[in-house]
Amino acid sequence: GAVVSQHPSWVICKSGTSVKIECRSLDFQATTMFWYRQFPKQSLMLMATSNEGSKATYEQGVEKDKFLINHASLTLSTLTVTSAHPEDSSFYICSAPPTGVNTEAFFGQGTRLTVV
Amino acid sequence: QKEVEQNSGPLSVPEGAIASLNCTYSDRGSQSFFWYRQYSGKSPELIMSIYSNGDKEDGRFTAQLNKASQYVSLLIRDSQPSDSATYLCAVRYGGFKTIFGAGTRLFVKA
């Protein structure tokens, strides 16, 4: 089956620095990818839709200047958390949409971000 | 705003029993429904997908969909301690955007 690879799986950074998370589709092309965030004991919240070759679409309440999304190729989307603060510490997961109507989406392994 | 509602639990069942997880959704036009299992610190793992009214069985798992009632459920038969996890109900909308419920924590007692 299709594989989505996310890197890194965990990262610790200092407050005020920026962190980049990569999401790659390994054996298929994805013109769209989704980025989710999950706080402890909460569900996955959709942050934004990454669109290859165009601007990302952000969900209500998500700061686009803080969470920069770049989808420069058909196999790579990146999420950069800029000027990270402790409250940005969370589990970030990317997802590639299904290849057909009645098929499932594919999730990356997730990235645990801890801002200290 | 599109919503997916689940009872957060925790739901506790003895080993070998049937665990019943429920989910309701707000958008009547939704066509695709999923149940994911998530262990702490891990990415969600697809358990079942269902696209039409009725039941769909896969091993110990049965998904049930009732579009008229906007209701999806997951039954786990012969529950095992390894089934202890958080179960996320997910609904796909137009443009392949997927919205998740808050998840139900299941504990299976040995």
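Anything mentioned here points back to the structure above.
Predicted model only: the values in this text are computed from it and were never measured.

The rules behind these values
- Residues numbered from 1 in each chain as written.
- Chains lettered and ligands numbered in written order.
- Predicted model: local features only at pLDDT ≥ 70, side-chain atom pairs only at ≥ 80, totals over all residues.
- Heavy atoms only, no water.
- Contact = heavy atoms within 4.5 Å.
- Salt bridge = Lys/Arg side-chain N within 4 Å of Asp/Glu carboxyl O.
- Polar contact = N/O pair within 3.5 Å; in protein donor to acceptor, adjacent residues only side chain to side chain.
- Helix = DSSP H or I, 4+ residues; strand = E, 2+ residues; numbered from the N terminus.
- Nonpolar A, V, L, I, M, F, W, Y, C, P; charged D, E, K, R; others polar.
- Phe/Tyr/Trp six-rings, centres within 6.5 Å; stacked < 30°, edge-to-face > 60°.
- Buried < 20%, exposed > 50% of the residue type's maximum accessible area, 1.4 Å probe, protein only.
- Disulfide = S-S within 2.5 Å.
- Pairing = 2+ DSSP bridges.
- Axes fitted to C-alpha atoms, helices over the stretch in contact; angles between N-to-C directions.

Peer 1: Residues and numbers for the interface of chain B and chain A, please.
Peer 2: Bring the parts together and some accessible area is lost; that lost area is often taken as the interface size. The interface of chain B with chain A comprises 19 residues on the first partner and 24 residues on the second. Connecting chain B to chain A are 1 salt bridge. Where A:Glu59 meets B:Lys97, a salt bridge forms, and the shortest distance between an N and an O atom there is 3.0 Å. Connecting chain B to chain A are 5 residue pairs in polar contact (both at pLDDT 80 or more). Elements supplying a minimum of two residues to the side of chain B that touches chain A: strand 4 (32-38), strand 9 (85-92) and strand 10 (98-100) of chain B. Among the elements that line the side of chain B that touches chain A, the one with the most residues is strand 4 of chain B, at 4 residues. Among the residues making up the side of chain B that touches chain A, the classes are represented as 9 nonpolar, 7 polar and 3 charged.

Peer 1: Could you give me a rundown of the packing of aromatic side chains, with the residues and numbers involved?
Peer 2: For the coordinates displayed, the defined rule picks out 10 aromatic pairs over all chains. Between the aromatic rings of A:Phe107 and B:Tyr36, the centroid separation amounts to 5.3 Å while the plane-to-plane angle is 85 degrees, which identifies the pairing as edge-to-face. With A:Phe107 in strand 10 (residues 106-107) and B:Tyr36 in strand 4, this pair bridges two chains. Judged by relative accessible area, B:Tyr36 falls into the buried class, the value being 2%. Members of the aromatic cluster, connected to one another through ring pairs, are A:Tyr36, A:Phe107, B:Phe34, B:Tyr36, B:Tyr51 and B:Phe100.

Peer 1: How would you explain the state of the cysteines if you had to name every residue and give the values?
Peer 2: By definition, a disulfide is the covalent link that joins the sulfur atoms of two cysteine residues. In total, this model carries 2 disulfides over all chains according to the counting rule given. A:Cys23 shares a disulfide with A:Cys94; S-S distance 2.0 Å. The S-S bond linking A:Cys23 to A:Cys94 shows a torsion near 80 degrees; that makes this disulfide right-handed. Within this pair, whereas A:Cys23 is found in strand 3 (residues 19-25), its partner A:Cys94 is found in strand 9 (residues 90-96), the two being separated by 71 residues in sequence. A:Cys94 carries the same exposure label as A:Cys23, and that label is buried. In this model, B:Cys23 is linked to B:Cys89 through a disulfide, with the two sulfur atoms separated by 2.0 Å. Note on the B:Cys23 and B:Cys89 pair: the S-S dihedral is about -70 degrees, so by sign convention the disulfide is left-handed. With B:Cys23 in strand 3 (residues 19-25) and B:Cys89 in strand 9, this residue pair connects regions lying 66 residues apart in the sequence. A residue is classified by how much of its surface remains accessible, and B:Cys23, at 1% relative accessible area, is buried. No disulfide involves A:Cys13; its sulfur sits 18 Å from the nearest other cysteine sulfur, which is in A:Cys94. What makes A:Cys13 buried here is its relative accessible area of 9%.

Peer 1: Give me the lowdown on the pairing of strand 11 (residues 111-115) of chain A, citing residues and values where you can.
Peer 2: Consecutive side chains along a regular strand alternate between the two faces of the sheet. Residue and element names in this part refer to chain A. Going residue by residue along strand 11, you find Thr111, Leu113 and Val115 tucked away on one face and Arg112 and Thr114 left uncovered on the opposite face. Bridge count between strand 2 (residues 10-13) and strand 11: 4 bridges; the pairing is parallel. The partner of tryptophan 10 across the bridge, within strand 11, is arginine 112. Summarising the sheet, strand 9 and strand 11 pair through 3 bridges and their orientation is antiparallel. The residue of strand 11 that forms the bridge with tyrosine 92 is threonine 111.

Peer 1: Give a description of the sheet that holds strand 1 (residues 4-7) of chain A that names residues and reports values.
Peer 2: By way of backbone hydrogen bonds, the strands of a sheet pair with one another, either parallel or antiparallel. Residues and elements named next belong to chain A. Spatial ordering of the open sheet is given by 1-3-8-7, a layout of 4 strands whose pairing is antiparallel. Where the open sheet ends on each side, the last strands, each with one partner, are strand 1 and strand 7 (67-73). Here the strands of the sheet are splayed against their neighbours by 15 degrees on average, with no regard to which way each runs. Pairing geometry for strand 7 and strand 8 (residues 76-81), over 5 bridges, is antiparallel.

By themselves, these observations are geometric and do not establish any function.
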